[in-house]
Amino acid sequence: MTPSEQQVLRILRERGEATRPQLAAATGISLVTINQAVSRLMLGGHLEECGSIPSGGGRPVQLYRFNRRRAYHVLLRIQRDGRTLHAQLEEIDLQGTPIVHLEGRFAYLDKESFDGWIDSIRHRHHLRSIVLSASAAIPTDELAQHLQARYNCAVHTPGIAAMLAVQHKQNVVLCLPAGEPADCAYVHHGHLHECSTLATLPLPCPWEEILQHDTSMQEEAAARLIQILSCILSPASIHIHTPQWSSKLEERIRYNASIKLRGKLPVLRFSALSEDYFQHALRAYAVNMPQA
């Protein structure tokens, strides 16, 4: 998809509907280029006509909007639940609105586990891409390769921080989930950067091995991560997504990190990653997919 087409889709996500001249004015792109972009998007089924408005005596000007009847993404989320795997599939339209939702449990993960689910919706809509999210301990490389080859579409496997970073542009997102490795990402000039080297940083112990009741170890490890990220990236703020921490522990982390940074602490925002918030982040990532 060309940059001009992406701009058209972005404006229509914000406005709902617009004419070609309105799209040109909103994006700063020439009307000729907008005409070409709209024509290609119409041909691909991304847009549909939704009426017209008067043009001051001439021919009415056509209005365009997303074609909500055409699929844009499939979201696959896989979590371990005891001895089984809990999987959710969601099909969303171009604006991120859910169309189909399926859930099931699997004894083990096979590369063909989700073919039946995807085939059941594929005959109705055109599949643009698949976003695959799974717990760190669940291997998904073979599954992602199979899905890409079978459905001839892009398959993305972002970490939790990457999904959240799309919503917090110009800020660093640090995820500290229980029992899983620390995860960090940020968006800079429209490009997504995932910090995959956090496991090699000098922490008291790997984050995934820290016990949930050991608040002293959580405090020290989180403060060190904030210190290192602040020194390397110099962010204005860091969004920290964690298990449900107490306000007292969060204040201790702020104080510890401030001492390590000699008072030069970025703005820290703590929040718990609820199920609803995670699902919203997954949809937002699919709709606003940045460049890697």
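Definitions and cut-offs
Residues numbered from 1 in each chain as written. Predicted model: local features only at pLDDT ≥ 70, side-chain atom pairs only at ≥ 80, totals over all residues. Heavy atoms only, no water. Helix = DSSP H or I, 4+ residues; strand = E, 2+ residues; numbered from the N terminus. Contact = heavy atoms within 4.5 Å. Areas by Shrake-Rupley, 256 points an atom, 1.4 Å probe, with all protein chains shown as cover. Pairing = 2+ DSSP bridges. Axes fitted to C-alpha atoms, helices over the stretch in contact; angles between N-to-C directions. Buried < 20%, exposed > 50% of the residue type's maximum accessible area, 1.4 Å probe, protein only. Arc of directions from axis to C-beta.

Draft legend 1. Local environment of the overall build of the protein. Along the backbone of the protein there are nine helices and 13 strands. Across its three principal directions, the C-alpha atoms of the protein cover 70 × 50 × 30 Å. Partitioning the intrachain contacts of the protein with sequence separation of at least 6 by distance along the chain shows that 60% fall at a separation of at least 24. As displayed, the protein offers around 15000 Å² of accessible surface, 49% of which is attributable to carbon and sulfur atoms.

Draft legend 2. Geometry of the sheet that holds strand β13 (residues 267-272). The strand order across the open sheet formed by five strands is β11-β10-β9-β12-β13, and the pairing between neighbours is mixed. Each of the sheet's edge strands pairs with one partner strand only, and the pair in question is β11 (191-195) and β13. Mean inter-strand twist for the sheet, computed between neighbouring axes without regard to direction, equals 20°. Summarising the sheet, strand β12 (residues 237-242) and β13 pair through six bridges and their orientation is parallel. When the bridges of β13 are listed, Ser 237 appears paired with Val 267. Strands β9 (172-175), β10 (183-188), β12 and β13 of the sheet are contacted by helix α7 (residues 215-233), whose axis makes an angle of about 155° with β9.

Draft legend 3. Inspection of unusual backbone geometry at higher detail. The phi dihedral of Asn 152 is positive, around 50°, even though this residue is not glycine. Looking at the secondary structure, you find Asn 152 in the loop between α5 (141-151) and β8 (154-156). Asn 152 gets classed as exposed once you look at its relative accessible area, which sits at 72%. With a phi angle near 50°, Ser 234 is a residue other than glycine that sits in the positive phi range.

Draft legend 4. View of the sheet that holds strand β3 (residues 61-66). Spatial ordering of the open sheet is given by β1-β3-β2, a layout of three strands whose pairing is antiparallel. In this open sheet, the two strands that pair with only one neighbour each are β1 (18-19) and β2 (47-53). Relative to β2, helix α3 (residues 31-43) is tilted by about 125°, and along the sheet it contacts β2 and β3.

Draft legend 5. Quick peek at α5. All buried positions along α5 are accounted for by Leu 143, Ala 144, His 146, Leu 147 and Tyr 151. Projected down its long axis, α5 carries its buried residues within an arc of 165°, all on one side. Within α5, the exposed residues directed more than 90 degrees away from the buried face are Asp 141, Glu 142, Gln 145 and Ala 149. Two residues or fewer past α5, Asn 152 is found with a positive phi of approximately 50°.

Draft legend 6. Here's a closer look at the environment of His 193. Positionally, His 193 belongs in strand β11. For His 193, a relative accessible area of 31% translates into the label partly exposed. Expressed as a C-alpha distance, the spacing of His 193 and Val 172, which sit 21 residues apart in the sequence, is 9.8 Å. What His 193 contacts, discounting residues up to four positions off in sequence, is Cys 184, Ala 185, Tyr 186 and His 188.

Spatial relationships are all this shows, so hold off on functional conclusions.
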